[in-house]
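Close look at the chain arrangement
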Amino acid sequence: MTYPATRLRRTRSSAWSRALHRETVLTPADLIWPLFITDGAGVEEPIGSLPGVSRWSVDLIAARAKEAAGLGIPCLALFPNTQPGLRSDDGREALNPDNLMCRAIKAIKDACGETIGVLTDVALDPYTSHGQDGLVDDAGYVLNDATLEMLVGQSLNQAAAGADVIAPSDMMDGRIGAIRDCLEEAGHANVQIMSYAAKYASAFYGPFRDAVGSRGLLKGDKKTYQMDPGNAEEALREVELDLAEGADSVMVKPGLPYLDIVRRVKETFEVPVFAYQVSGEYAMIEHAASAGAGDRDALVLETLLAFKRAGCSGVLTYHAAHAAKLLG
């Protein structure tokens, strides 16, 4: 087929035709909205390094859930900003059935029932005084097997509160199998696990650490358990292990810098793959738009569409509500 018999511009010549021939479609149902929870009543705390994003007290979180459901967003992801006095070396507040996370889960379920899903983060960094995702030894090394018991307890605590999806973000070896076994034994067979299977030691997480209050606490880095940004084959090994241990879906984090990993995971395993458009990615779009370097709405939709085109079933993004309004 050659020009002029073949003119690829023919199908681009009008809006209706472009819509008809579009290969990848983005809808509000493709979005998961991360929300931050804080103590108090009637509290909305804007996060300086995340323009347009706030922490919400538990009494206001239900309104965000109703907003999401009204926009067609199917799931929320919750992250607590645990107060300093409740943080400890062992992160034991993660096991408290009345902690911020559990109260927020219950508030959303009381307000919305099954009209929206609740995804909960499983890792100890919002609860530890040292900011690491697990228990540490005297040298500051994060202990894998000792941490597993805490992660299992944290998962069961969240499942009992009504979580629909447990999302371990800690990157400890063996945690998916341990969590899956205990969920089954405790009667939570229908609680899903979305594993942060390929989570990289990234420079894009800074604003998130501000949001959950761990940036100033973090001692050292997380390179002994989060993945090296130079590795791709290792990501496939991580995903394969987590699927074998019982993960229902997997996540790649961060998002845009790792779209090649999303594509390789999707093509290799043909399972639901999600990506997290992390805080640093969100902040870059906001600052670019503020500086006049690009149209905010167009930047938001184009980047989210890129995730779908790469193979994502859905995207965790702080732009979820804004994008849903644009798409609606």
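Here, every reference points to the structure presented above.
Residues numbered from 1 in each chain as written. Predicted model: local features only at pLDDT ≥ 70, side-chain atom pairs only at ≥ 80, totals over all residues. Heavy atoms only, no water.

This paragraph deals with helix α4 (residues 144–161). Here α4 is 18 residues long and its end C-alpha atoms lie 26 Å apart, about the 26 Å a rise of 1.5 Å per residue gives. Within α4 the residues assigned to the buried category are Thr 147, Leu 148, Met 150, Leu 151, Val 152, Gln 154, Ser 155, Asn 157, Gln 158, Ala 159 and Ala 161. Tucked inside the fold, the buried residues of α4 contact α3 (100–112), β5 (117–122), β6 (165–168) and α5 (175–185). Count one or two residues on from α4 and you reach Gly 162, which has phi positive near 120 degrees. (Helix = DSSP H or I, 4+ residues; strand = E, 2+ residues; numbered from the N terminus. Expected span 1.5 Å × (residues − 1). Buried < 20%, exposed > 50% of the residue type's maximum accessible area, 1.4 Å probe, protein only. Contact = heavy atoms within 4.5 Å.)

Inspection of the entire model under this criterion finds 18 salt bridges. Residues Lys 222 and Asp 133 are paired through a salt bridge, measuring 2.6 Å at the closest nitrogen-oxygen approach. Within this pair, whereas Lys 222 is found in the loop between α6 (206–211) and α7 (233–245), its partner Asp 133 is found in the loop between β5 and α4, the two being separated by 89 residues in sequence. Side by side, Lys 222 and Asp 133 carry an identical accessibility label, which is buried. One salt bridge connects Asp 242 with Arg 175, and the closest N-O pair in it is separated by 3.3 Å. Residue Asp 242 is located in helix α7, and its partner Arg 175 is located in helix α5; the two are separated by 67 residues in the primary sequence. Residue classification places Asp 242 among the buried positions, given a relative accessible area of 4%. Residue Arg 175 is classed as buried on the basis of its relative accessible area, which comes to 2%. Several salt bridges converge on common partners, so that one network encompasses Asp 125, Asp 133, Lys 199 and Lys 222. (Salt bridge = Lys/Arg side-chain N within 4 Å of Asp/Glu carboxyl O.)

Turning our eyes to something else, we now look at the packing of aromatic side chains. Here the structure, examined in full by the defined rule, presents eight aromatic pairs. Centroid distance Phe 79 to Tyr 276: 6.2 Å. Interplanar angle 45 degrees. Geometry classified as tilted. Of this pair, Phe 79 sits in strand β4 (residues 75–80) while Tyr 276 sits in strand β9 (residues 273–277); the two residues are 197 residues apart in sequence, bridging distant segments of the chain. Under the relative-accessibility criterion, Phe 79 is labelled buried at 1%. Cluster of aromatic residues (ring-pair linked, three or more members): Phe 36, Phe 79, Phe 208, Tyr 276, Tyr 282 and Tyr 318. The positively charged end of Lys 199 is found above the aromatic ring belonging to Tyr 205, 5.9 Å away from the centroid. (Phe/Tyr/Trp six-rings, centres within 6.5 Å; stacked < 30°, edge-to-face > 60°. Lys NZ or Arg CZ within 6 Å of the ring centre and 35° of its normal.)

It is worth spelling out a positive patch on the surface at this point. A cluster of basic residues, Arg 7, Arg 9, Arg 10 and Arg 12, forms a positive patch on the protein surface. Arg 9 gets classed as exposed once you look at its relative accessible area, which sits at 68%. (Patch = residues over 30% accessible without salt bridge, like charges linked within 9 Å, V, L, I, M, F, W, Y side chains within 5 Å. Areas by Shrake-Rupley, 256 points an atom, 1.4 Å probe, with all protein chains shown as cover. Lys, Arg positive; Asp, Glu negative; His and termini not counted. Charge placed at Lys NZ, Arg CZ, Asp CG, Glu CD.)

The next subject is the environment of Ala 320. Position of Ala 320 among the secondary structure elements: in helix α11 (residues 320–327). Classification of Ala 320 as buried rests on a relative accessible area of 0%. Separated by 247 residues in the primary sequence, Ala 320 and Ile 73 have C-alpha atoms spaced 7.6 Å apart.

With that out of the way, let us pick up helix α10 (residues 296–310). Over its 15 residues, α10 runs 21 Å from end to end, which matches the ideal 21 Å to within 8%, given 1.5 Å per residue. Listed in full, the buried residues belonging to α10 are Val 300, Thr 303, Leu 304, Ala 306, Phe 307, Lys 308 and Ala 310. Where α10 is buried, its residues meet β1 (31–38), α8 (259–269), β9, α9 (279–290), β10 (314–317) and α11. Gly 311 occupies a position one or two residues after α10 and carries a positive phi of about 125 degrees.

Here the focus is the environment of Gly 40. Note on placement: Gly 40 falls in the loop between β1 and β2 (44–46). Separated by 99 residues in the primary sequence, Gly 40 and Ala 139 have C-alpha atoms spaced 36 Å apart. Those residues in contact with Gly 40 that lie beyond four places of it in its chain are Ser 57 and Asp 59.

This part takes up the packing of α3 against α4. Where α3 contacts α4, the two axes come as close as 8 Å, and the packing angle between them is 25 degrees. If you check the angle between α3 and α4, you find them roughly parallel. Seen from above, α3 lies across α4 with right-handed handedness. Facing α3, whose interface residues are Met 101, Cys 102, Ile 105 and Lys 106, α4 presents Asn 157, Gln 158 and Ala 161. The class makeup of the residues in the contact of α3 with α4 is four nonpolar, two polar and one charged. (Axes fitted to C-alpha atoms, helices over the stretch in contact; angles between N-to-C directions. Parallel < 35°, antiparallel > 145°, perpendicular 65-115°, else oblique. Left-handed = near helix turned anticlockwise from the far one by under 90°. Nonpolar A, V, L, I, M, F, W, Y, C, P; charged D, E, K, R; others polar.)

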